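Chain by chain, the residues run as shown.
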Amino acid sequence: MIGVGIIGAGAFAHKHAAAILQNKTTTLVAASRRNKAELEKFTACYNIKGYTNYVDLLNDKSIQAVLIATPHHLHHQVTEEAAKAGKHILLEKPMGHNLEVCNQILDSVKKYNSELMVAHISRFIPAFSKAKKMLDEGIIGDLVYAQAHIARKWNTPNRRPWHMEQNQGGGMLMTVGIHYLDLLTWIIGENVKSVKASISNPFLGKNVDDAALLFLTYKNGMNALLTCSGFDCGGPIFEVIITGTKGMIKADMFKGVWLGQNDEWKKIKEPESGDPEAEALICEWSDFIGNIMDKKPSSIPGEYGRHMIEVIEAAQISSQSGKEVHLK
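Residues numbered from 1 in each chain as written. Predicted model: local features only at pLDDT ≥ 70, side-chain atom pairs only at ≥ 80, totals over all residues. Heavy atoms only, no water.

Asks: What am I meant to see in the overall build of the chain here?
Replies: Looking only at helices and strands, the chain has 9 helices and 15 strands in total. Relative to the globule expectation of 20 Å for 328 residues, the C-alpha radius of gyration of the chain, 20 Å, shows essentially globular dimensions. Counting over 328 residues, the chain shows a buried share of 54%. In the chain, of all internal contacts separated by at least 6 residues, the share reaching a separation of at least 24 is 66%. Carbon and sulfur atoms make up 49% of the accessible area of the chain, which amounts to about 14700 Å² in all. (Helix = DSSP H or I, 4+ residues; strand = E, 2+ residues; numbered from the N terminus. Rg over C-alpha atoms; globule rule 2.2 N^0.38 Å. Buried < 20%, exposed > 50% of the residue type's maximum accessible area, 1.4 Å probe, protein only. Contact = heavy atoms within 4.5 Å. Areas by Shrake-Rupley, 256 points an atom, 1.4 Å probe, with all protein chains shown as cover.)

What follows is the structure, encoded as structure tokens:
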């Protein structure tokens, strides 16, 4: 059994805890959070140990792997300490709040030989994984292009002050849009070569973005479009549309999967449950722990997590300059 500790026991950590408890090869040992009252509520739910200082959790010898789910601008500091302590690391996206700290993380995990997986959950969402499988099976022929659309209320009650600070990794694109940037990149199967973007804050007028439009060109010549809307008043969208030479696939996170051929849409897959994130986290933890036990490389390594931040930073530069930006 692999003992697991959670660093950053916030609201979403409850879903992680449920997934850990469903994995037959893991046991949830402890959690860490600076807010003692909230930490005690969390640990009481699972009858586990609690540490207000994450360093004490890292010194717990019964823990071999950790989930890091702290605010974005603290990821690199905690990850470096976890690597130094010899822990395997599942790091919530984004990998870091800028490229510089992503490079620091890569150096640390390499130096201390820790397994790092960046928790890009979208590929484990049942509807999206089904869409990718259909594409790979050639059901719609050769890929032509893909587009992803994420629209949701941005200023929700769970937003913290750092969510509204650009230099702390805040903003709609870095917090939510990155899920669909990852989804497009995973579907196309290649790194981004260039990006032309428009990023703004028309809804809330805060210090960070709440709207983004990215036109992406990949190294294999494929193109993709990402629209990201953190509206104040609107209707939610969580979908990807894949266009091929012999048809189309439409996948919605909550509604299922459709196949578009012969001038009609046919429902292929119904949602497996009312909580696709919970289903995805079970798969994510199975993948992370399975690779550790089988001594296999991470399926979502740090280099990939870094690339996601590289694309976002290039998009920000493109939006400011009005020009297409080519990645190094």
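Continuing now.
Asks: I would appreciate a short explanation of the packing of aromatic side chains in the present structure.
Replies: The relation between two aromatic rings is expressed through the spacing of the ring centres and the mutual angle of the planes. Throughout the structure, instances matching the rule amount to 4 aromatic pairs. Residues F128 and Y180 carry aromatic rings whose centres are separated by 6.0 Å and whose planes lie at 80° to one another, so their mutual orientation is edge-to-face. One end of the pair, F128, is in helix α6 (residues 126–136); the other, Y180, is in helix α7 (residues 172–188), and 52 residues separate them in sequence. What makes Y180 buried here is its relative accessible area of 3%. Judged by centre distance (5.6 Å) and plane angle (75°), the rings of W285 and F288 are edge-to-face. Taken together, the residues W285 and F288, both in helix α8 (residues 276–293) and 3 residues apart, mark about one turn of the helix. No difference in accessibility class separates W285 from F288, as the two residues are buried. The ring of Y304 is capped by R123, whose NZ or CZ atom sits 5.1 Å from the centre of that ring. The aromatic ring of W265 is capped on one face by K250, whose charged end is 4.8 Å from the ring centroid. (Phe/Tyr/Trp six-rings, centres within 6.5 Å; stacked < 30°, edge-to-face > 60°. Lys NZ or Arg CZ within 6 Å of the ring centre and 35° of its normal.)

Asks: Could you clarify how one ought to interpret the pairing of strand β8 (residues 192–200) in this entry?
Replies: Relative to strand β9 (residues 211–218), β8 runs antiparallel, the two being bridged by 8 bridges. If you follow S194 over to β9, its bridge partner there is T217. (Pairing = 2+ DSSP bridges.)

Asks: Any chance you could explain helix α4 (residues 75–84) here in plain terms?
Replies: Since there are 3.6 residues in each turn of an α-helix, residues three or four apart along the chain are aligned in direction. Listed in full, the buried residues belonging to α4 are H75, H76, V78, T79, A82 and A83. Buried residues along α4 cover an arc of 165° about the axis, so they all sit on one side. Taken together, the buried residues of α4 touch β1 (2–7), α3 (54–58), β4 (65–68), β5 (88–92) and α5 (99–112). A positive phi of about 80° marks G86, the residue just after α4. (Arc of directions from axis to C-beta.)

Asks: What should I look at first to understand the side chain of S114 in this one?
Replies: Checked against the element boundaries, S114 lands in the loop between α5 and β6 (116–119). Taking relative accessible area as the criterion, S114 reaches 12% and is therefore assigned buried. From its side chain, S114 meets the backbone oxygen of K87 in a polar contact 3.1 Å long. Excluding residues that lie within four positions of it along the chain, S114 makes contacts with A83, G86, K87, H88, I89 and V109. (Polar contact = N/O pair within 3.5 Å; in protein donor to acceptor, adjacent residues only side chain to side chain.)

Asks: Just checking my understanding: could you explain the pattern of salt bridges for this structure?
Replies: Any two side chains of opposite charge can pair, given that their charged atoms come close. Within the structure shown, the criterion is met by 10 salt bridges. The shortest N-O distance in the salt bridge between E38 and K41 comes to 3.4 Å. Note that E38 and K41 are positioned in helix α2 (residues 36–46) at a spacing of 3 residues, about one turn of the helix. On the basis of relative accessible area, E38 is assigned to the partly exposed category, the value being 29%. Assessed through its relative accessible area of 53%, K41 is described here as exposed. In this structure, K133 engages E137 in a salt bridge whose closest nitrogen and oxygen atoms are separated by 2.5 Å. Of the residues examined, E137 reaches a relative accessible area of 45% and is grouped as partly exposed. (Salt bridge = Lys/Arg side-chain N within 4 Å of Asp/Glu carboxyl O.)

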